[in-house]
Each structure stands twice: as structure tokens, then as C-alpha cells.
Amino acid sequence: MNLNRMSFIFFLLSFSFMFFAIKDKSVILLHPSDRIQLKVVSDSVFTLKISVVGDLMCHAPQYNSARIAKTDSFNFNPVFSQIKPYLEKADFALGNLETVIAKNNKNLSGYPNFNSPHEFLSALKYAGFDILFTANNHSLDRGRSGVVRTIAQIKSAKMNSVGTYLSGSDRDSIRIFKKNGISFALLAYTYGTNGYQISKKNNFLISTIDKQKMKADLLKADKYFPDLVIVYFHFGNEYQRFPSKFQKEIVKFAIKNGADIILGSHPHVLQPVEKFKSLSGRIDSGLVAYSLGNFISNQRWRYSDAGGILNISIGKDKDKDSVYFSSLSFLPTWVYKGIVNGKVQYQILPSGSGEKVAEYFSSEDSINMSSSFTDAQKIIKLEMQNLKLLR
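Given the structure is predicted, the values throughout are model-derived calculations rather than measurements. In this numbering scheme, every chain counts its residues from 1 along its sequence in written order. A pLDDT threshold of at least 70 governs which residues receive local features in this predicted model, and a stricter bar of 80 or more applies before side-chain atom pairs are shown or counted, although totals over entire chains, interfaces and linings include all residues. Only hydrogens and water are set aside when side-chain values are computed; all heavy atoms of the structure are taken into account.

Here we take up the pattern of salt bridges. When a carboxyl oxygen of Asp or Glu is within 4 Å of a side-chain nitrogen of Lys or Arg, the pair counts as a salt bridge. Under the definition given, this model contains 11 salt bridges. Residues Arg302 and Asp375 are paired through a salt bridge, measuring 2.8 Å at the closest nitrogen-oxygen approach. On the criterion of sequence distance, the pair formed by Arg302 in the loop between β13 (294–296) and β14 (306–317) and Asp375 in helix α10 (residues 363–380) is long-range, its members being 73 residues apart. Connected through shared salt-bridge partners, Asp222, Asp260 and Arg282 make up one network. Here a strand is any run of E in DSSP of at least two residues, a helix any run of H or I of at least four, and the numbering for each starts at the N terminus.

The next thing to look at is the sheet that holds strand β9 (residues 228–234). Pairing between strands is defined by DSSP: at least two bridges between them are needed. If you walk across this open sheet you meet the 6 strands as β7-β8-β9-β10-β12-β11, and the pairing is mixed. Here the strands that pair on one side only, and so sit at the sheet edges, are β7 (175–179) and β11 (273–277). The average angle at which neighbouring strand axes cross in this sheet is 20 degrees, direction not considered. Looking at chain direction, β11 and strand β12 (residues 285–289) are connected through 5 bridges and run antiparallel. Bridge assignment links Lys277 to a residue of β12, and that residue is Ser285. Orientation is described by axes fitted as lines to C-alpha atoms, over the contacting stretch for helices, and by angles from 0 to 180 degrees between their N-to-C directions.

Let us look at the side chain of Asp305. With respect to the secondary-structure elements, Asp305 resides in the loop between β13 and β14. Only protein chains enter the accessibility calculation, which uses a 1.4 Å probe. A residue is then buried if its area is under 20% of the maximum for its type, exposed if over 50%, and partly exposed in between. When charges are tallied, Lys and Arg are placed among the positive residues and Asp and Glu among the negative ones, while His and the ends of the chain are skipped. Buried charged residue Asp305 carries no salt bridge. Nearest counter-charge: Arg300, at 5.0 Å. Leave out the neighbours within four places in its chain, and Asp305 touches Gln299, Arg300, Trp334 and Val335. The contact definition used throughout considers only heavy atoms, calling two residues in contact when any of these lie within 4.5 Å.

Let us now look at the environment of Leu228. Mapping Leu228 onto the fold places it in strand β9. It is 6.4 Å that separates the C-alpha atoms of Leu228 and Ala185, two residues lying 43 residues apart in sequence. Once you skip the residues sitting within four places of it in the chain, Leu228 turns out to touch Ser183, Phe184, Ala185, Asp260, Ile261, Arg282, Ile283, Ile314 and Val323.

With that settled, the discussion passes to the packing of aromatic side chains. Centres within 6.5 Å are what make two rings of Phe, Tyr or Trp a pair, Trp counting through its six-membered ring; a difference in plane orientation under 30 degrees is then read as stacked, over 60 as edge-to-face, and the rest as tilted. For the structure shown, the criterion picks out 17 aromatic pairs. Measuring from ring centre to ring centre gives 6.3 Å for Phe74 and Phe76, while their planes differ by 20 degrees; the resulting arrangement is stacked. Each member of the pair, Phe74 as well as Phe76, carries the same accessibility label: buried. Between the aromatic rings of Tyr111 and Phe114, the centroid separation amounts to 6.4 Å while the plane-to-plane angle is 65 degrees, which identifies the pairing as edge-to-face. For Phe114, a relative accessible area of 0% gives the class buried. Through a chain of ring-to-ring contacts, three or more aromatic side chains come together here, namely Tyr63, Phe74, Phe76 and Phe120. Two thresholds decide whether a charge sits over a ring: the Lys NZ or Arg CZ must be within 6 Å of the ring centre and within 35 degrees of the ring normal. One residue, Lys84, lies across the ring of Tyr126, its end atom 4.2 Å from the ring centre.

Most of strand β10 (residues 261–265) sits inside the fold, with 5 of its 5 residues counted as buried. Sheet topology places β9 next to β10; 5 bridges connect them, and they run parallel. Counted as the bridge partner of Phe233 is Gly264 from β10. The path from the first strand over the helix to the second decides the hand: if it runs clockwise while the strands point away from the viewer, the crossover is right-handed. Chirality of the crossover, the property in question, places the unit of β9, helix α9 (residues 245–256) and β10 among those that are right-handed.

This next bit is on the side chain of Ser116. For Ser116, the position within the fold is in the loop between β4 (92–97) and α5 (119–127). Accessibility expressed as a relative area gives 0% for Ser116, which makes it buried. Identification of polar contacts relies on pairs of N or O atoms within 3.5 Å, with a donor-acceptor requirement for protein atoms, meaning one able to donate a hydrogen and the other able to accept it, and with residues adjacent in sequence counted only if both atoms are side-chain atoms. A distance of 2.6 Å separates a polar atom in the side chain of Ser116 from a polar atom in the side chain of Thr99. Aside from chain neighbours lying at most four places away, what touches Ser116 is Cys58, Thr99, Val100, Ile101, Ala102 and Leu108.

Moving on, we come to the confidence of the model for the chain. The pLDDT averaged across the chain works out to 89; a share of 88% of its residues lies at or above 70. Confidence of the predictor at the level of single residues is captured by pLDDT, which takes values from 0 to 100. In this model residues 8–41 is a low-confidence stretch, pLDDT under 50, and it forms 22 contacts with partners more than four residues away in sequence or in other chains.

Think of a nonpolar core as a cluster: buried Ala, Val, Leu, Ile, Met, Phe, Trp, Tyr and Cys residues, connected wherever their side-chain atoms sit within 4.5 Å. Counting 42 residues, the largest nonpolar core has Phe184 and Leu186 as its most contacted members. The contacts of Leu186, once residues within four sequence positions are left out, are Leu94, Ile131, Phe133, Val162, Arg175, Phe177 and Ile230. If you look at the next biggest cluster of nonpolar residues, it comprises 31 residues, including Leu56, Phe74, Phe295 and Val335.

Time to look at α5. If you check which residues of α5 are buried, you get Glu119, Phe120, Leu121, Ala123, Leu124 and Ala127. Just downstream of α5 lies Gly128, where phi reads positive at about 120 degrees.

Dropping the structure here:
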């Protein structure tokens, strides 16, 4: 065998060895200039980052500002351009879609019966969202067809929806999401639908807060052996900064029946975040965020012009058979509305950015954003002093 052929065979063997070493995540390839050396390392610790926001609303002034001149098309991307880098860091970004998506951008409307352009979803995907809660009091603003269309449009935008469904079997299917070796079940419920009635044959369309159904869902979710069970509730009293008796009652019920993380919205203002002793046996301490406020809306008054991103980093140690919060943080946000490049625009901004405010800010804008950060600091850290507030 000549020297060139031997060199070629050695190269193939080396390449194959390197390929399989890289494919196997339990080994690490050391410096390629040395002899091929492999070191077995621990692959038992996993991490997953979930970022959650509150209400994603689309009032008429919002879509009018996003309209591309002299067309029936819209561009909402600038709304999220400043906050996008924060959402993109998450393995899963979640939010409450509090609107219905219109057919072919026809018959658009804002409050009280929402019907929004499909480009709103495109912008949410652009911003980094992966999962949208669709169980809220505006889910039935356009009836059954609106529910079906919105689910289809979310899927078309390559996102997932939880809370509204296409059939009974769809409603009874538990959504399980998994990444980085960590899985979680996700459930979503609303207190009501603004008086819109659902016929018995269509009662699968939306999940409402019903203790009997919730208990059955939580029991079913547990049978999939997820690392965590996350429950979203659309509940509470609008514009009230502290949870109602009803919110506390429902949260207590969810904890008793196995919820590990409880997320809420509907009040359109921030409410406290608290830890609790989990009863599921999956994690030692659970977490409840009663209301995450408005992430985007046209509600311009104090407390409702603000929201934030709750970041939950979950750790899992397979060797120790433990799941835990590796870190918790909250990024307060504020919605700017004003003239940018000659037209009215909305922008979601980190409210703790201090002197880094945009050049087009008025002195009133700066004061309002600064106040929103202080407000968030007080309410979010009320029950959790060690919750890291980001700037």
C-alpha cells in the first residue's frame, strides 16, 4: 500500500471519528492539532429559558399607524424592534393575543370587538414569540369563524396557540413543549367571553375557568410526566394593581391540583409576582405572576402604558432528579407613542434605560417612562425582594 493511500485512509478514519464525537453530546473533541482525544463529561444538567409578557392588544390607532400608505398592508415590526433582542434570547417566548385576526384584512376594528390585520402576527413572530395564549374575553369577538381563522393564522405564522381549539379532541389534547431536555405542559383558561355565548356543540372552542375541567386537565397533564406544568389565567379586575379574591382562589386551586407556574393577565396593569410551595412533587418552589400588564396597547394612562418581560430560567439535574429555578428576572417595559420619522408610531421600550432615551422623546415621555419603571419596581418586588429587575 503506497504512502498516499495510507494517508487518505487515515484521514477518513480521523474524519469519521470526529463526526461521531461531535454528534454525541456526551463527549468533547479536544484540540484538533493533537492526537484525537475524547473526554467524557457530565451531560446531566439542562437549562431552559422561558420569557413571558402580558396582553398583546391591537387597538384601531395602532393598526392605523402601522398601515403602509395607500395600501391594505401593514408593518408592525417597528413596534417590536427595540424589544426584539430581549425576547430572542428565550427558548420559548409567550404572550396573550388579545384580539382576533381578520380575513384578508377586511372589516378591521379595535375595541370593543377586535379584528386585526394578519401582519400583527407576522410582527409577533419577528419579535421572537413562539406561543400565544388565545383564551381571553375577546376570543369570540368574531364568533366561531374568528376563533378558527385566528388559530389557522397563528399556525401559518409558525407559532403555537393554547386556549382555543378546533374540535373536542383538540381541546382535550394536552400541549407539551420540550427543548434542551426539559419539557412542560401548558394550559390556558379565561374567566369569560364578554357575554358571547357558545352552543353546546361548540363548547370546545375556548377553555373557560371551570374547576372541574381544570382539575381533569391538570390530572391528564401529569400523566405525560412533564418536568413542569404551566397554567395561564385570563382573570382579575381591570386596572386593579392587586389580585382579587377570585384570582387568589383560582390560583390556590391550581396549586392544589399540580400547577407549578401560574401566569396571568387581563387587569391591563402589573400585579405582584410571588413564590409558593409547589405540591406537584416536580419542583420545590412554584411561581405565580397575577398580571403581567400590557405589553402593547393604546391604553395611554399610567400603569396601563406599561408591562414587562418575566424571564424564568429552569434548571434540571438528571443525576439528582431535580428541577429548579436557576434564575428569575423581570424587564419592565413602557409603550411610547409619538412622531417618529414624520408619522405616529408605537414602540415597546425597556423602561429602565434611563438616559438612553430616544432623541425624539419629549420631556413628558421621559418622565412617564421613568415613572413606569418605578411603578413596576414597587409592585413586582413587593412579594419577591430578590427578583432581579433588569434595565
